[in-house]
Each structure stands twice: as structure tokens, then as C-alpha cells.
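Observations on chain architecture
In case you want the letters, here they are:
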Amino acid sequence: MVGVSSGSGVSARTSRAAAPVRLTPGEVVVEVVRNGVVEGLHHGHAVVVGSGGEVLAQVGRPEQPVLARSALKPLQAVGLLGAGLDLPAARLALACASHAGTAEHVAAVRRLLTAYDVDEAALQCPADRPLDDAAWAAVLAMGAGPQPILMNCSGKHAAFLAACRVNGWPLGSYLDPDHPLQRHLTVAVDEQSGPLAAVAVDGCGAPAFAVALVALARAFAGLVDAADGAPRRVADAMRAHPGLVGGPGRSATTLMQARPGLLAKEGAEGVWAAAVPGLGAVALKIDDGAGRAADRLLLAALARLGVEDTAFGAAPVLGGGRPVGVVRVRPGLFD
């Protein structure tokens with residue numbers, strides 16, 4: 001059982017959490033081009049750091065805090081290990097997942113809950129449909145509908161409940177920011193990527209943290225370059241089981257499968273963090289949350305680290321059903 005202080009559980013470095021946080025508009029990072037005409041622009045922020053944490057390139061204001069959303073799941077998983085939850089690699093990867101809701105994912109979540117004698121009804125993530133269309137069609141064919149276990153964060157929630165069971169903490173209030181688990185995880189995230197600028201409520205109902213992109217990038221670099229311990233266990237688990245982290249068509253899975261050794265995790269509203277052992281890491285945020293722009297910017301940021309990859313394929317703009325343009329990173333962005 002891990003001990004937790006009786007206070008808020010947030011270290012002194014997070015004392016600014018009550019201050020207002022507002023996203024400052026970033027630079028133009030991605031263009032939408034149709035027949036040679038730039039018809040759309042995505043603004044954002046990005047940073048590339050070396051393995052020692054030094055800033056190699058940046059655009060926008062990567063020092064400002066942003067809600068990193070699910071990109072923080074690996075850091076929360078480090079905290080879960082620190083709370084005494086000794087998960088094997090596959091279940092640890094599931095705790096970091098924004099999964100597609102396939103039958104494999106749902107079965108894995110159920111096995112995790114069963115292993116710790118937790119009923120599926122204890123999940124407090126909202127009822128949702130699988131992100132994978134084929135999986136959703138299968139659910140509908142069975143006469144079922146949205147369920148909490150189908151929600152892409154159910155693996156993290158199952159791991160939360162397992163940690164509560166290990167420590168004898170109450171299950172019914174596990175998402176409350178003052179719950180012992182959440183106090184512990186807040187400290188864990190702060191220690192890896194703090195100071196935390198704000199605590200909000202994520203789409204799944206769990207606490208969501210605002211951190212600086214440069215701190216997020218350095219935290220991911222620390223995960224892949226850790227010699228041992230909880231950070232290395234989390235990084236190794238995700239890279240060994242990329243299909244559990246995302247699933248069919250999920251960008252994090254596609255990228256990690258294409259580049260063995262690379263660690264990557266997306267977050268809602270256009271957030272990405274990724275790291276390469278010995279080279280460094282990147283973190284980014286697209287102002288309008290567009291995934292098409294976030295994926296393009298991620299590949300460009302990784303290229304700045306020397307990692308050339310086309311795992312996502314092209315991003316064509318269609319006209320009459322055929323390609324007439326492209327979604328591209330602004331030329332010369334990281335020069």
C-alpha cells in the first residue's frame with residue numbers, strides 16, 4: 001500500500017493550479033492546399049528536444065501550458081506502478097491506451113478487472129461506442145449499444161480501479177480529485193512534467209492536467225532513455241504491445257509498429273508526444289484540435305530528430321473523388 005499525504009496531494013510546484021490558463025494562438029504550422037490554392041490554415045505549437053532535454057527546434061509557444069489529455073497516460077501509468085500496481089507488460093500498455101474498442105481490447109479490459117476482483121459496473125468512464133467502425137458494427141449486430149467498457153479510456157479506468165483494490169482505497173469515488181489515487185497520480189505527473197498549471201476534467205471523467213509542451217517532451221525522453229524502473233517499464237510495455245495502446249487505424253499504433261523503439265501517444269484536441277531512444281522527443285498541440293494537422297506536424301517534428309517516416313501515408317485533399325491537393329506542414333517550418 002502506498003502512503004498519500006492528507007493534503008491536496010499536489011506538490012508545492014503546483015501552487016499555480018488556480019491561475020487562469022488560456023491558450024495563446026500559435027504559428028501557422030499546417031496548410032490545406034487545393035489545386036495550388038492554400039484554402040485552410042492550422043495554427044499550433046511544437047517543440048523538439050534532444051536526449052538531454054535541450055531544445056533543438058520550436059514553433060509557437062511550447063513553454064505555455066496546454067491540456068495534454070491522453071498524452072499523459074504513460075506518466076499516469078508510472079504513477080500507478082509507484083502506487084504498488086504491479087501489472088505485466090500487456091496490461092500496463094492497456095493502462096496507457098486510447099484503444100479502438102475491438103473485441104481484443106474489451107476482453108483485455110475485462111481480464112484486468114477480473115484479476116483484481118472488480119465488477120465491470122464499477123467503471124465510471126461514460127458509455128461510448130468503439131472508435132473502430134467494424135467493432136461498432138459488431139456491437140450493433142448483437143443488439144447492444146454504447147457501454148463504458150467500449151470507451152477508449154476504459155483500460156486506464158480499469159487500472160485505476162485495480163490500484164484502488166491493491167491499496168484498499170474506495171472504488172466508488174476513484175475519479176474524485178481528492179481521492180487517494182488521484183492525489184497520488186497528480187503528484188506523479190507533476191514530478192515528471194510539472195509544474196502543473198491547472199487541473200480540469202477529461203472527457204473520460206478523470207482529472208486532466210495542463211503542462212508545458214517542452215516539459216511533456218522532456219518527460220517522454222525520460223521514459224525511453226530510463227535505464228530501468230517504472231518509466232522504462234511503461235515505455236517498454238507500450239512498444240511491445242502497440243496494438244493494445246491504440247488498435248486498427250489508430251495513429252500511435254501505426255507509428256510504433258512502423259518504427260520499433262519509438263514511443264508515441266496522442267491526446268485529444270490535437271496533442272502528440274513521441275520519443276526516440278538516444279535522440280530525443282517531440283510534443284505538439286494544434287490550436288483547433290484537428291487530427292489531420294497533428295499527424296502531419298508530428299511527422300515533421302520527428303524528421304527534425306532524424307526520424308523519417310511515412311507510416312501515416314499521404315493526406316490528400318479530394319476533388320470529385322480524386323486527389324487535387326494535400327494537407328502539408330508549412331514549408332521550412334523547422335529550418
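This section reports on the structure supplied with the text. Note that this is a predicted model, so its numbers are computed, not measured. (Residues numbered from 1 in each chain as written. Predicted model: local features only at pLDDT ≥ 70, side-chain atom pairs only at ≥ 80, totals over all residues. Heavy atoms only, no water.)

Let's shift gears to unusual backbone geometry. Gly-194 connects to Pro-195 through a cis peptide bond whose omega is 5 degrees. Structurally, Pro-195 can be placed in the loop between α6 (180-193) and β5 (198-201). A positive phi is found at Asp-117, a non-glycine position, where the angle reads about 55 degrees. (Helix = DSSP H or I, 4+ residues; strand = E, 2+ residues; numbered from the N terminus.)

Judged from the seven bridges that link them, strand β1 (residues 27-34) and strand β2 (residues 37-50) form a sheet pairing that is antiparallel. Residue pairing across strands places Val-33 opposite Val-38, the latter belonging to β2. As consecutive antiparallel partners, β1 and β2 are separated by two residues, and within that stretch Asn-35 has a phi angle of approximately 50 degrees, a positive value. Relative to strand β9 (residues 280-286), β2 is paired through seven bridges, and the arrangement is antiparallel. By the bridge assignment, His-45 is partnered in β9 with Lys-285. Between β2 and strand β3 (residues 55-59), which pair antiparallel and follow one another directly, the connecting turn spans four residues, one of which, Gly-53, has a positive phi of 90 degrees. (Pairing = 2+ DSSP bridges.)

Scanning the model with the defined rule gives one aromatic pair in all. Note on Phe-160 and Tyr-174: the rings are 6.4 Å apart at their centroids and 70 degrees apart in plane angle, and the pair reads as edge-to-face. Pair noted here: Phe-160 is in helix α5 (residues 154-167) and Tyr-174 is in the loop between α5 and α6, with a separation of 14 residues, a long-range link. Exposure remark for Phe-160: the relative accessible area of 0% places this residue in the buried category. What makes Tyr-174 buried here is its relative accessible area of 0%. (Phe/Tyr/Trp six-rings, centres within 6.5 Å; stacked < 30°, edge-to-face > 60°. Buried < 20%, exposed > 50% of the residue type's maximum accessible area, 1.4 Å probe, protein only.)

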